[in-house]
Amino acid sequence: MRSLRLAFAAASLIASSAFASPTAMQSGVDYITIPQPQPAQVVGKKVEVIEFIAYHCPACNAMEPYVDAWVKKQGENINFRKIHVAFSGPNDPEAHLFLTLEAMGKSAQYNSRVFRAFHIEGKRLVNEKSIVEWAVASGLDKAKFLEMWNSFGVLTKLKRLPSLVSAYRVDGTPSFVVDGKYLTSPSTVDAANKGLPRSALPDTTMATIDALVAKVQKEKGYGPAAPVAVKPAPAKTASK
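The structure presented is a predicted model; accordingly, all values stated were derived computationally and were not measured.

A few words now on the overall build of the protein chain. Scanning the protein chain for helices and strands turns up 8 helices and 5 strands. When the helices and strands of the protein chain are listed from N to C terminus, the series reads β-β-α-β-α-α-α-α-α-β-β-α-α. Taken across its 240 residues, the protein chain has 47% of its residues classed as buried. In the protein chain, of all internal contacts separated by at least 6 residues, the share reaching a separation of at least 24 is 78%. Split by element, the accessible area of the protein chain, about 11900 Å² in all, is 54% carbon and sulfur.

Backbone torsion omega between Thr173 and Pro174 reads -5 degrees, so that peptide bond is classified as cis. Within the fold, Pro174 resides in the loop between helix 6 (152-167) and strand 4 (175-178). Phi at Arg169 is positive, roughly 65 degrees, even though this residue is not glycine. Summarising the element assignment, Arg169 is placed in the loop between helix 6 and strand 4. Even without being glycine, Asp179 reaches a positive phi, approximately 60 degrees. For Asp179, the position within the fold is in the loop between strand 4 and strand 5 (182-184). On the accessibility criterion, Asp179 (8% relative accessible area) is buried.

Where helix 4 (residues 128-137) contacts helix 5 (residues 142-149), the two axes come as close as 10 Å, and the packing angle between them is 140 degrees. In this view, helix 4 runs oblique relative to helix 5, as classed from their interaxial angle. Where helix 4 crosses over helix 5, the two elements pack in a sense that is right-handed. Every residue of helix 5 that contacts helix 4 at Glu128, Ile131, Val132, Ala135 and Val136 is listed here: Lys142, Phe145, Leu146 and Trp149. Looking at the contact of helix 4 with helix 5 residue by residue, the classes come out as 7 nonpolar, no polar and 2 charged.

Read across the open sheet, the 5 strands follow the order 1-5-4-2-3; overall the sheet is mixed. The open sheet has two edge strands, strand 1 (32-33) and strand 3 (78-84), and neither has a second partner. The pairing of strand 2 (residues 47-53) with strand 3 spans 7 bridges and is classified as parallel. Bridging across to strand 3, Glu48 finds its partner in Asn79. Lying on the sheet, helix 1 (residues 58-74) is in contact with strand 2, strand 3 and strand 4; it crosses strand 3 at an angle near 160 degrees. Taken strand by strand, helix 2 (residues 93-103) contacts strand 2 and strand 3, and its axis lies near 140 degrees from that of strand 3.

This next bit is on the confidence of the model for the protein chain. Across the protein chain, pLDDT averages 88, with 84% of residues at or above 70. Between residues 1-19, whose pLDDT stays under 50, and residues either more than four places distant or in other chains, the model counts 51 contacts.

Moving on to the pairing of strand 2. Burial within strand 2 is extensive, with 7 of its 7 residues counted as buried. Side chains of strand 2 alternate between two faces, with Val47, Val49, Glu51 and Ile53 and Glu48, Ile50 and Phe52 buried alike. In the classification by handedness, the crossover that spans strand 2, the intervening helix 1 and the parallel strand 3 is right-handed. Sheet analysis places strand 2 next to strand 4, joined by 4 bridges and oriented antiparallel. Looking at strand 4, one finds that Phe52 is bridged to Ser175.

This part covers the pairing of strand 4. For a regular strand, side-chain orientation follows a simple rule: the groups alternate between the two sheet faces. Alternating residues of strand 4 divide into Ser175 and Val177 and Phe176 and Val178, and every residue in both groups is buried. One ladder, built from 3 bridges, connects strand 4 with strand 5; its direction is antiparallel. For Val178, the partnering residue across the bridge sits in strand 5 and is Tyr182.

Looking now at the pattern of salt bridges. For the structure shown, the criterion picks out 11 salt bridges. The residue Lys220 makes a salt bridge to Asp179 at a minimum N-O spacing of 2.9 Å. Taken as a pair, Lys220 in helix 8 (residues 201-220) and Asp179 in the loop between strand 4 and strand 5 lie far apart in primary sequence, 41 residues in all. In this structure Lys220 comes out as partly exposed when scored by relative accessible area, which is 37%. One salt bridge connects Lys215 with Glu219, and the closest N-O pair in it is separated by 3.3 Å. Taken together, the residues Lys215 and Glu219, both in helix 8 and 4 residues apart, mark about one turn of the helix.

Each value, and the rule that gives it
Residues numbered from 1 in each chain as written. Predicted model: local features only at pLDDT ≥ 70, side-chain atom pairs only at ≥ 80, totals over all residues. Heavy atoms only, no water. Helix = DSSP H or I, 4+ residues; strand = E, 2+ residues; numbered from the N terminus. Buried < 20%, exposed > 50% of the residue type's maximum accessible area, 1.4 Å probe, protein only. Contact = heavy atoms within 4.5 Å. Areas by Shrake-Rupley, 256 points an atom, 1.4 Å probe, with all protein chains shown as cover. Axes fitted to C-alpha atoms, helices over the stretch in contact; angles between N-to-C directions. Parallel < 35°, antiparallel > 145°, perpendicular 65-115°, else oblique. Left-handed = near helix turned anticlockwise from the far one by under 90°. Nonpolar A, V, L, I, M, F, W, Y, C, P; charged D, E, K, R; others polar. Pairing = 2+ DSSP bridges. pLDDT = per-residue confidence, 0-100. Right-handed = clockwise from strand over helix to strand, strands pointing away. Salt bridge = Lys/Arg side-chain N within 4 Å of Asp/Glu carboxyl O.

See below:
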C-alpha cells in the first residue's frame with residue numbers, strides 16, 4: 001500500500017476560514033467510482049460513509065477532529081463507521097486492537113486515546129503484550145479485554161479484513177467510501193486541487209465527501225436532513 005503524500009505536520013492543519021469547495025466533481029479526479037460497488041449498510045434514508053484508518057497514520061490522527069465535527073454536522077444524513085486497515089495482514093496488531101475495542105463497545109471512548117498514545121505519547125503498540133499493558137493502564141478490565149481479543153468474532157473479522165479492504169479498492173489511509181461505491185481521500189483531493197494550501201486540505205476533503213453524500217441523496221431521491229450546527233474543528237498540536 002502506498003504511503004500517503006499527506007503525512008503533513010499537524011501544524012499545517014490549522015482550520016482555514018476560506019477553502020476550496022468542490023464544484024463539478026469528476027470521477028477519476030476528485031473521487032474514484034469503485035468498479036464493483038460494495039453493499040452499503042442502509043439505515044432508513046441515511047447514506048453510508050466509511051472512513052478507513054490506521055492508528056499509526058499521522059494523517060488519520062490529524063484529520064480526526066475534522067471528521068468528528070463533520071459527522072456531527074451531517075447528523076441524520078449519514079450512517080458513519082470506521083474500518084481499520086490491516087497493513088501487516090490478518091494478524092495486524094493495530095487492527096486487532098481496533099476490533100477488540102469495537103467488540104467491547106469502547107470505540108467512541110478509546111479511539112482518540114489510541115491515537116494519542118501513538119502520536120503524542122510515543123508509545124509503540126506493536127504486539128499483544130504492549131497493547132494489553134496499555135489497555136489495562138488506560139482503565140480497561142484485563143480479563144474482559146483478553147476475552148474479546150481472543151474471541152471468535154474478533155479473530156474472524158481480523159482474518160477477513162485484508163480482503164474486505166481490497167474489495168473497496170483502498171490502498172492508503174485515511175480514505176473514505178460513500179455508499180459503497182465512491183472512494184476519495186485527502187491525497188486524491190490534494191491532487192485534484194492544484195495549489196491548494198495545506199491548511200485548507202482537511203476542510204476541502206470534508207467538503208468533497210459532503211458533495212458525494214449529496215450526490216447519493218440525489219441519485220436515490222432522498223431529501224437531506226436538517227444539518228446539525230457544530231463549532232469549527234480545533235487544530236491538533238503537532239507531535240514530535
